[in-house]
Amino acid sequence: MQSVKQVLSGEMLGMPVDVRGWIYRIRSSGSIIFAIVRDSTGIIQVTVKKGAVPEHDFEAVASSGIESSVTVEGTLAEDKRAPGGYEVRATGFTVVGPSEPFPITEYQSTELLLDKRHLWIRSREQTAVMKIKDSLLRGARNWFHENDYVEVTPPIITGVSAEDSTTLFKLKYFDRFAYLSQSAQFYLESLIYSCERVWALTPSFRAEKSRTPRHLTEFWHLEMEAAWVDNEGNMKVQEELLSAMLRSATDERAAELKHLGRDPAALSKISPPFERMSYSEAMDELQKKGCEVSWGSDLGAVEERELTKDKEQPVFVVNYPKELKPFYMKENPDDARTYKNSDLLAPEGYGEIIGGSERETDNALLIERLRDVGENMENYQWYLDLRKYGSVPHSGFGLGLERTVTWVCKLEHIRDAIPFPRTIARVYP
Ligand code: 4AD
Ligand code: MG
């Protein structure tokens, strides 16, 4: 048995080959069948002449619909018109699992594609997205390993709000309430006192009530935390990690990237250092571009698009006003109105893909800020403990995997960056 990719390498030209997969396209002229068969590695043309295979197999294939699963034996021949330049001339062609008429045809509404998501994920676009994501993740894992980070496994059920308490998913937990994690950050922070550099890939949950092309209620969060690292060091980790992830994707998935309309050569040029711009500079630039913003305004999708639509590399926006960010960030000694933090914005208008900061180590400041936002201090005692027993300067960040994939794969909507998107409107399938 060979994969379609192996067969398309042409090494077995003139020799017998065996493939199996699913019918991607099929047409028959009575005495000859042209089928395109796909497997996980690609698509290949198969031709079958009447008489070349047993009659009942010929009839079964001729009457089978797309998505039927099949096995093919035959000889590999060149054919310039076939996808990939080769075809299999079948001497055996068997239907393994016939397909009912496939409910997805060429032009379908977004709603239908979402209702039939379990079938739509077979599409070549979705397959390419999943493979590119696989390579991005391998690139990240390798980079962390080479740089002495320990992969850890934080909890998903928590008692604290790590980010915006208005987007918490609350769940009944026996005789109490608990929340689904919004970020593993606090747990990663507690692990640096032994492991020093840690990372984790976990699902994060946010009860986002607005429908936008960049918000999911469940997303995959790649987070890291490191002792002895300041905000500048934190940004260096981000630019190196992201570049390594991109290299892994462009090395392993050039064909898939091209299939999605993304030039792998352009992506592979992205390398450190990324541009750094302060929040104040960003405000000036936005005002010059005619945006109605003033110091203190948040950067939403529109503003981030303005800032990045003409960029080819990601850009850091640093030192946001405190009011716009969570309580745990370190005060900026050069401007106490702001934090030592950064958001990394992807180019071409895609906007924020990473949020990170140096962490506040002064418990008095943390307590004051928690009181200001009305948090229940009891839930945070363990977090405050971390500053009492050998506190160290430290930093970390969280990369939104689907946001990153949306940009890398040039997608219009974040839901296509995850096989089963969860949004306010949908938990089926
Ligand atoms: O900027 P955020 O909220 O930062 C944190 O959660 C930090 N505690 C991370 C840390 O320092 N360990 O989220 C981080 C990233 C965002 O930049 C974005 O890419 C992604 O997570 N993200 C979402 N992705 C999809 N849907 C949503 N609703 C998202 N919310 C955040
Ligand atoms: Mg953020």
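(A) Fine view of the pattern of salt bridges. What the rule picks out here adds up to 32 salt bridges. A salt bridge links Lys 80 to Glu 78, with the shortest nitrogen-to-oxygen separation between them at 3.9 Å. Judged by its relative accessible area of 73%, Lys 80 falls in the exposed class. Between Glu 151 and Arg 141 there is a salt bridge whose closest N-O contact spans 3.0 Å. Remark: Arg 141 occurs in helix H5 (residues 124-146) and Glu 151 occurs in strand E6 (residues 150-151); sequence separation between them is 10 residues. For Glu 151, a relative accessible area of 40% puts it in the partly exposed group.

(B) Main features of the sheet that holds strand E8 (residues 170-173). Spatial strand order, E7-E9-E8: 3 strands in an open sheet with antiparallel pairing. This sheet does not close on itself; its edge strands, each paired only once, are strand E7 (157-158) and E8. Of the strand pairs in this sheet, E8 and strand E9 (residues 176-180) are connected by 4 bridges, and their pairing is antiparallel. Following the sheet pairing, Lys 172 is matched in E9 by Phe 177.

(C) Broad picture of the site of ligand 1. As a matter of local geometry, ligand 1 sits amid 23 residues, with Glu 163, Gln 185, Glu 223, Glu 352 and Arg 359 nearest to it. Within the backbone of Gly 355, an N or O atom sits 3.4 Å from an oxygen atom of ligand 1. Within the backbone of Gly 400, a nitrogen or oxygen atom sits 3.3 Å from an oxygen atom of ligand 1. When residues of the shell around ligand 1 are traced back to their parent elements, those giving at least two are strand E11 (218-227), strand E15 (351-358) and strand E16 (394-400). For the shell around ligand 1, the class distribution of residues is 7 nonpolar, 8 polar and 8 charged.

(D) Representation of helix H2 (residues 55-62) in the model. Looking only at H2, the buried set comprises Asp 57, Phe 58 and Val 61. Axial view of H2: buried residues confined to an arc of 100°, hence all on one face. In this fold, the buried residues of H2 make contact with strand E1 (16-28), strand E2 (32-39), strand E3 (42-49) and strand E5 (86-97).

(E) View of the nonpolar core. Counting 42 residues, the largest nonpolar core has Leu 242 and Trp 407 as the members making the most contacts within it. Where this core is concerned, the elements lending two or more residues are H5, E11, helix H7 (231-252), strand E13 (315-318), strand E14 (341-346), E15, E16 and helix H14 (401-408).

(F) Molecular detail of the sheet that holds E14. As summarised here, the arrangement of the 8 strands in space is E6-E10-E11-E16-E15-E14-E13-E12, forming an open sheet in which the pairing is mixed. Here the strands that pair on one side only, and so sit at the sheet edges, are E6 and strand E12 (275-278). Direction of pairing for E12 relative to E13: parallel, over a ladder of 4 bridges. Counterpart to Glu 275 in the pairing with E13 is Val 315. Where helix H6 (residues 185-195) meets the sheet, it contacts E6, strand E10 (197-205), E11 and E16, and its direction lies at approximately 30° from that of E11.

(G) Here's a closer look at unusual backbone geometry. Following Pro 272, the chain continues to Pro 273 via a peptide bond in cis, the omega torsion being -5°. Topologically, Pro 273 is positioned in the loop between helix H9 (264-268) and E12. In this structure, the amide linkage connecting Tyr 428 to the following residue, Pro 429, adopts the cis form with an omega of -5°. A positive phi angle is found at Glu 196, which is not glycine, with a value near 70°. When you line up the elements, Glu 196 lands in the loop between H6 and E10. Despite not being glycine, Asn 319 has its phi angle at roughly 60°, a positive value.

Analysis parameters
- Residues numbered from 1 in each chain as written.
- Chains lettered and ligands numbered in written order.
- Predicted model: local features only at pLDDT ≥ 70, side-chain atom pairs only at ≥ 80, totals over all residues.
- Heavy atoms only, no water.
- Salt bridge = Lys/Arg side-chain N within 4 Å of Asp/Glu carboxyl O.
- Buried < 20%, exposed > 50% of the residue type's maximum accessible area, 1.4 Å probe, protein only.
- Helix = DSSP H or I, 4+ residues; strand = E, 2+ residues; numbered from the N terminus.
- Pairing = 2+ DSSP bridges.
- Near = heavy atom within 4 Å.
- Polar contact = N/O pair within 3.5 Å; in protein donor to acceptor, adjacent residues only side chain to side chain.
- Nonpolar A, V, L, I, M, F, W, Y, C, P; charged D, E, K, R; others polar.
- Arc of directions from axis to C-beta.
- Contact = heavy atoms within 4.5 Å.
- Core = buried A, V, L, I, M, F, W, Y, C linked by side-chain atoms within 4.5 Å.
- Axes fitted to C-alpha atoms, helices over the stretch in contact; angles between N-to-C directions.

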